[in-house]
Each structure stands twice: as C-alpha cells, then as structure tokens.
Amino acid sequence: MHSNKLFNRTRWQLAGWYAIVLGLLLGICGVAVYQVVFHTQRYILQQKLQSLAGTLHDTIEPQLQQPGQLSSSFKTILPGLCLWNENCYSSGNEGARHTARVFQQEGYYLRFLDESGRVLATSGEQPNVLKRFAPGEFWQILNCSKGDRFYQISVLLRTKDGWPWGYLQIGRSLKEWDAYLNTLRLFLFLGLPFAILLVGGSSWWLAGVAMRPIYQSYRQMQQFTSDAAHELRTPLAVIQTTVEDTRLAEDLTEVNQNLDIIERQNIRLSRLVKDLLFICRIEQQQIQTQLQSCCLNDLICDLVEELAGLAMIVEVELKLEIRASQAVVILGDEAQLYRMVTNLITNGINYTPAGGIILAILDGTDKEAIIQVQDTGVGIAPAEQTRIFDRFYRVQSDRSRATGGTGLGLSIASAIAVAHQGSIQVQSELGKGSTFTIRLPLK
C-alpha cells in the first residue's frame, strides 16, 4: 500500500482532514473549558465576597447612628479596623471575629466610605492605586499601579432610621486567580498543537488501518482482472487462430474439426462467465436461495455414486463414510449444496495422483452438520492455504489447466457455504494431502 501513489495520497488527505476537523473540535472544546473555568471561578469569588459583605452588613447596620460617622463600637465588632483619624490596634472581642480575620489574610481588604467617597476606615492591605469610586457599581475590577488587580463589591449601608450612611467595600486580589487562568491558557495554547500532532499521527495510522481492507479489495480486483484476462486470452486466441485456419481450409473435414474446436472453446468461455456471474450474484445475495429440508445423507451418497466413475478413470479410489448416528438434515438449497460438495470432490480427484484415496465423510453435532473431503493428493503449502478460495487461484496451474478447471471451484464452494451461514476450512500438508471441512447449521 505504501508504494501505491493513489492510496498514499488518499491516506494523507484522510489524515489531514481528520486532524483539521479534530483540531477545530479540540480548539472549540478548549475555549469552552476555559470559559467554564473562568465563569466558575468568578462565581465562587462573587459568592465569597457577597457572603462576607452580607454578614458584615447585617452585623454593622444596626450600629449606625448618623450618616458618615463611625462609632467606637466598630472597633469591637471588627478587630484590626483602622479609622482615618486614629492608630490601628487589635481587639480581643469575639464578635464577628471570624469574619474580621478574613481581612487579615493576604489579598483581602475592607473599607468604609461616606456618600461622597471619602475613606472612613480600612482593614487589610489596601491597594496602592484604586480607580475612582463609582457609587452605582455593585461589582468592580480595580487595577493597581503594580499591575495587580482586585475584585471588589460595594454595598450601601443605612442608619437604623433608614437614611443612607455610606458604603461598605470588600475586595480580594485577583493575583492567584489571574495566575491560575494564565496557566490554563498556556496549557491550552501549548497543548493544542501537541494534541493536533498526536491526532495527526493517530490519523495517519488509523487511515492506514481503515484503508487496509480497501487496499486488499483493490489488490483482489487487480488480481481478478489480471487472472480473468489471462483465462479469457487463451480460448480467445485459440478461437482466433482456428477462424484464420478455417478461412484457408479447403477440406470440409478440416473445417468441421475447426468448428468443433471453436465450439469447445465457446463452451469453456460460457462456463467461465456463468461461474463468475454465479459467484457475484450469490455474494451480493441476488440469487434467491430456495430453502428446504435437505438430507445430507442422501446428497452425499448420490454424489459419491455419481463421481465414482470419474475417480475410476484417473485411477483414484472414492470412498464414503457416514459417521453421524442419525440422518443429518439442514435447511438449504439442495442444488447449491450439491454443487458445493461436487466441487470439493472433483477438486480432490484432479489433484490426487493415481492410486490415491478420496474419502467423503458426513458427521454432525447437536448444532451443526460437518462434511469433510479428505484426499491423499499433492497437498497445499501453508502460504497458499489462505488464497486457495480466491477466484482463479491455482496451486498447480499447469496440472489444473490440463483437467480443464477454471480456478473458480473452491471460490464457488466457499460462497455457497457462506450463503448458508456456514464456513469452509482447509488443512493440508505438502505431499500428504488435504482435508476440506464444511460446517453448516442444522435445521
């Protein structure tokens, strides 16, 4: 297959298109994965900040008296809170202690602003440069001078009388989040070409695997075309030569002899064409198999009786052995089964030298019928046993041609066995003979 330019070009095209399509799908999946991770991480961050903001809002708002004014109770509620006009200190009060400790962690901060945006108190590490406060923005992304980013939530606070007091702002650094997303982007960016390379290599291999049976069929078609042309060339050449001789012949006897030759070659061509049509139609299931109950005991006995004379002519002994304890009945086409076994027996006769023995055996199990044809002929080499059921294939072409065979007998037998949901195998050894075994399901 590697030496065939047509199949190599097709293989490259299949691998290329497969890699392109799968690469696009992987790219789309990569973008989808990135978007899912991005939105999931942002949702988790929003839930965290919103939970902190809600907890502080519910704890602090009942303590608010006047807009823009912080009472001393804020220091006990939020240990570590730094007022704009006082030094920062830590408190041992347990109220809201767990929530307050969050802002002592790296990356978190807390701020209180009045309605004008003036900072009243802070907690945690504050960003160096923040974007101007926008009262209407609930969520904000703030960019610092060092390139860091913060995600911030702003919540409006009211006094216990319902007047607007100011704003509570809670933020968290996006440094870890951005690093995680950058790593994910780098992994997807570098992983996609590597995945495409792997897909391309796999596509090349898979294309070869997928095209192997196609190439085998292509080779069989080439071999079939070559063999068919070879089979047709000889009788056509004989007919052409005979016609030319007939035109020059003056004796009526010679003309009649030439016409006999043409008739024999025409019969050979007709038989060849009919065999080919039969194989093609039975393989394509264009021949309606007339299923009926067939007793293989009677069929084998009749065949051995009919072919005994042919075996005697070539000085070969044909025997029958019925090993089944009862009648073996299957559902099939009697004419096709008759032809299948006939081909195997005549094949054994043609390839068994004088003095040899051919044994036809009928046996069976609870599920299948077994027909065996054993001969003491020339045998078949192991390398040829896988090809003997191919059309026109002969183990010994010169000897088979002498018997008038076309090389289609075993192909027809195999096609008939398959059409009856059966199988046919061969076991052979050079110089010792062959055994063909047919297995057919019982009725």
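Residues numbered from 1 in each chain as written. Predicted model: local features only at pLDDT ≥ 70, side-chain atom pairs only at ≥ 80, totals over all residues. Heavy atoms only, no water.

Colleague: Please explain the pattern of salt bridges as it appears in this structure.
Modeller: As a working rule, side chains carrying opposite charge can pair if their charged atoms are close by. What the rule picks out here adds up to six salt bridges. The salt bridge involving Glu321 is made with Arg323; its shortest N-O contact spans 2.7 Å. Across the pair Glu429 and Lys432 runs a salt bridge whose closest N-O atoms are separated by 3.4 Å. We classify Glu429 as partly exposed; its relative accessible area is 44%. (Salt bridge = Lys/Arg side-chain N within 4 Å of Asp/Glu carboxyl O. Buried < 20%, exposed > 50% of the residue type's maximum accessible area, 1.4 Å probe, protein only.)

Colleague: Could you clarify how one ought to interpret the pairing of strand β10 (residues 357–364) in this entry?
Modeller: Strand residues, when the strand is regular, have side chains that alternate between the two faces of the sheet. Bridge analysis of strand β8 (residues 317–322) against β10 gives six bridges, and the strand direction is parallel. Across the sheet, residue Leu318 finds its bridge partner in β10, namely Ile358. In the sheet, β10 pairs with strand β11 (residues 368–375) via seven bridges, with the strands oriented antiparallel. Looking across to β11, one finds that Leu362 is bridged to Ile371. (Pairing = 2+ DSSP bridges. Helix = DSSP H or I, 4+ residues; strand = E, 2+ residues; numbered from the N terminus.)

Colleague: How should I be thinking about the packing of aromatic side chains in this particular structure?
Modeller: Any pair of aromatic rings gets described here by the distance separating the centres and the angle formed by the planes. Applying the stated rule across the entire model yields eight aromatic pairs. Measuring from ring centre to ring centre gives 5.5 Å for Tyr109 and Phe150, while their planes differ by 70 degrees; the resulting arrangement is edge-to-face. Residue Tyr109 is located in strand β2 (residues 108–113), and its partner Phe150 is located in strand β5 (residues 149–158); the two are separated by 41 residues in the primary sequence. You can call Tyr109 buried: its relative accessible area is 0%. Its relative accessible area of 8% is what places Phe150 among the buried residues. (Phe/Tyr/Trp six-rings, centres within 6.5 Å; stacked < 30°, edge-to-face > 60°.)

Colleague: Is there a simple way to think about the state of the cysteines in this case?
Modeller: In a disulfide, the sulfur atoms of two cysteines are covalently bonded to one another. What the rule picks out here adds up to zero disulfides. Not part of a disulfide, Cys294 finds its nearest cysteine sulfur in Cys295, a span of 9.0 Å. The exposure class assigned to Cys294 is buried, which follows from its relative accessible area of 3%. The thiol of Cys295 is unpaired, and the distance to the nearest cysteine sulfur, on Cys301, comes to 8.3 Å. Relative accessible area serves as the criterion here: at 25%, Cys295 is assigned to the partly exposed category. (Disulfide = S-S within 2.5 Å.)

Colleague: Sorry if this is basic, but what is going on with a negative patch on the surface here?
Modeller: On the surface, a cluster of negative charge is made up of Glu244, Asp245, Glu250, Asp251 and Glu254. Tracing the backbone through its elements, the reader meets Asp245 in helix α4 (residues 175–248). (Patch = residues over 30% accessible without salt bridge, like charges linked within 9 Å, V, L, I, M, F, W, Y side chains within 5 Å. Areas by Shrake-Rupley, 256 points an atom, 1.4 Å probe, with all protein chains shown as cover. Lys, Arg positive; Asp, Glu negative; His and termini not counted. Charge placed at Lys NZ, Arg CZ, Asp CG, Glu CD.)

Colleague: Explanation requested: helix α10 (residues 409–419) in the structure shown.
Modeller: An α-helix turns once every 3.6 residues. As a result, residues three or four positions apart point the same way. Most of α10 sits inside the fold, with eight of its eleven residues counted as buried. Among all positions in α10, only Leu410, Ser411, Ile412, Ala413, Ser414, Ala415, Ile416 and Ala417 are buried. Following α10 by one or two positions, Gln421 has its phi on the positive side, about 60 degrees.

Colleague: Honestly, the environment of Ser414 in this entry has me stumped. Any pointers?
Modeller: Mapped onto the fold, Ser414 is located in helix α10. The class of Ser414 is buried, set by a relative accessible area of 18%. Residues Ser414 and Ile279, 135 residues apart in the sequence, show an inter-C-alpha distance of 9.4 Å. For Ser414, the contacting residues outside a window of four places in its chain are Phe389 and Ile424. (Contact = heavy atoms within 4.5 Å.)

Colleague: I'm lost on the nonpolar core in this one. Help?
Modeller: Generally speaking, nonpolar side chains in soluble globular proteins are found buried as a group. Among the nonpolar cores identified, the biggest contains 45 residues, and Leu296, Leu337, Met340, Val341 and Leu344 are the most heavily contacted of them. Breaking this core down by element, the ones donating at least two residues are α5 (252–283), α6 (296–313), α7 (334–351), β10, β11, α10, β12 (423–429) and β13 (433–441). With near-sequence residues (within four places) excluded, Leu344 lies in contact with Val373, Leu410, Ala413, Ile424, Phe436 and Ile438. Ranked by size, the runner-up nonpolar core spans 30 residues in total, among them Tyr151, Ile153, Ile170 and Leu174. (Core = buried A, V, L, I, M, F, W, Y, C linked by side-chain atoms within 4.5 Å.)

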